[in-house]
Amino acid sequence: MRSNSLDTVAATGLAVGGAFGLAGTFVASAPLRETLWAIDGVALVVATALLTMKYQRLGNDCVAAGFLTFLAGESLLLAGNAAGLQASVPSYAGGISLWAAGLVLISAPKTFALWMRLTALVAAVLFVVSACMILWGAPLLPTSSPLPAAGYPFLVLTFVGWIWTLVRAER
């Protein structure tokens, strides 16, 4: 596949992941939520694998490592998803911790526009706070509000920025 085609696949994966991930947060049905989150997880793993390769080829090791770290976190979330909300909390805490680390690595260099880097950093902080709260015994679920739910819109805004960057580069 050509680089432009892979960018399109990555952008599509980010879009599907963001949409299905947010949708899964707001549905009451456990089987539907788990299905939406499974689709979300696979789409984001594919997208971030492609972005890892893209930025590694471009010589941007920090961003590539960030996407690889995000991929590891998403894989951990995906693995715990089928266990249900309560049983998935340990893998969830690990997954959002890796998300946060990945977002920081991706945002450290000036590869992406400032607004994308800021939305990623806000999401990272909210996910770190959520993970720490879980580790210290707070009864948080992946759907709990205000945390960790407050981090998801910032994460999806970051995805929108990454999609915009990929689509703009194809022109």
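The preceding data block contains the structure.
Here is a short report on the structure shown in this document. Every chain's residues receive numbers from 1 upward, in the order its sequence appears when written. Per-residue local features are limited, in this predicted model, to residues with pLDDT of at least 70; the limit for side-chain atom pairs, both in listing and counting, is 80 or more; totals at the level of whole chains, interfaces and linings are taken over all residues. Note that the side-chain values use all heavy atoms of the structure and ignore hydrogens as well as water.

## Side note on the nonpolar core
Alright, step 1. Residues Leu14, Leu103, Phe127 and Trp162 are the most contacted members of the largest nonpolar core, which totals 36 residues.
Alright, step 2. Runs of H or I in DSSP of at least four residues are treated as helices and runs of E of at least two as strands, each being numbered from the N terminus. At eight residues, the largest contribution of residues to this core is made by helix α4 (residues 89-107).
Alright, step 3. Ignoring any residue separated from it by four or fewer positions in sequence, one finds Leu14 in contact with Leu44, Ala47, Leu51, Phe159, Trp162, Ile163 and Leu166. Grouping buried Ala, Val, Leu, Ile, Met, Phe, Trp, Tyr and Cys residues that are joined through side-chain atoms within 4.5 Å yields what is termed a nonpolar core. Three exposure classes are used, based on accessible area relative to the maximum for each residue type with a 1.4 Å probe and protein chains only: buried under 20%, partly exposed in between, and exposed over 50%. Only heavy atoms matter for contacts: two residues are in contact if any of them lie within 4.5 Å across the pair.

## Remarks on the environment of Val122
Alright, step 1. Among the secondary structure elements, Val122 is positioned in helix α5 (residues 114-135).
Alright, step 2. Residue classification places Val122 among the partly exposed positions, given a relative accessible area of 36%.
Alright, step 3. Remark: the alpha-carbon pair of Val122 and Gly13, spanning 109 residues in sequence, is separated by 22 Å.

## A look at the packing of helix α3 (residues 61-81) against α4
Alright, step 1. The axes are straight lines fitted to the C-alpha atoms, using for helices just the contacting stretch, and the angles between their N-to-C directions are given from 0 to 180°. Look at α3 against α4: their axes get within 7 Å of each other, and the N-to-C directions meet at 165°. With respect to each other, α3 and α4 are oriented roughly antiparallel. Considering how the two elements wind past one another, α3 and α4 form a crossing that is left-handed.
Alright, step 2. By the convention adopted, Pro, Cys, Tyr, Trp, Phe, Met, Ile, Leu, Val and Ala count as nonpolar, Lys, Arg, Asp and Glu as charged, and the other residues, Gly among them, as polar. For the contact of α3 with α4, the class distribution of residues is 16 nonpolar, eight polar and one charged. Relative orientations are named as follows: roughly parallel for angles under 35 degrees, roughly antiparallel for angles over 145 degrees, roughly perpendicular for angles from 65 to 115 degrees, and oblique for any other angle. Helix crossings are classified by the rotation of the near helix relative to the far one: an anticlockwise turn of less than a right angle makes the crossing left-handed, while a clockwise turn makes it right-handed.

## Observations concerning helix α6 (residues 151-169)
An α-helical turn contains 3.6 residues, so a residue and the one three or four places further along point in the same direction.
Alright, step 1. Across its 19 residues, α6 extends 27 Å between first and last C-alpha, which sits within 8% of the 27 Å expected from 1.5 Å per residue.
Alright, step 2. Residues of α6 that are buried: Gly151, Tyr152, Leu155, Val156, Thr158, Phe159, Gly161, Trp162, Ile163, Thr165 and Leu166.
Alright, step 3. Check the buried side of α6 and you find it contacts α1 (3-26), α2 (30-57), α3, α4 and α5. Here, expected helix span is obtained from the residue count minus one, scaled by 1.5 Å.

## Let's talk about α4
Alright, step 1. Here α4 contains 19 residues, and its C-alpha end-to-end distance of 26 Å stays within 8% of the 27 Å for a straight helix at 1.5 Å per residue.
Alright, step 2. Of the positions making up α4, those classed as buried are Val89, Ser91, Tyr92, Ala93, Gly95, Ile96, Trp99, Ala100, Gly102, Leu103, Ile106 and Ser107.
Alright, step 3. In this fold, the buried residues of α4 make contact with α3, α5 and α6.

## Focus: the packing of aromatic side chains
In this description, an aromatic ring pair is defined by two values, namely the gap between the centres and the angle between the planes.
Alright, step 1. Centres within 6.5 Å make a pair out of two Phe, Tyr or Trp rings, where for Trp the six-membered ring is used; the pair is then stacked when the planes are under 30 degrees apart, edge-to-face when over 60, and tilted otherwise. Using the criterion set out here, one finds 10 aromatic pairs in the structure.
Alright, step 2. Residues Tyr55 and Phe67 carry aromatic rings whose centres are separated by 5.8 Å and whose planes lie at 25° to one another, so their mutual orientation is stacked. Here Tyr55, found in helix α2, pairs with Phe67, found in helix α3; they are 12 residues apart in sequence, far enough to count as distant. As far as the burial class goes, Tyr55 and Phe67 line up, both buried.
Alright, step 3. Each ring, one from Phe67 and one from Phe112, has its centre 6.4 Å from the other, and the planes form 80°; the classification is edge-to-face. With Phe67 in helix α3 and Phe112 in the loop between α4 and α5, this residue pair connects regions lying 45 residues apart in the sequence. An identical accessibility class is assigned to Phe67 and Phe112; each is buried.

Purely spatial values, then, with no claim about function.
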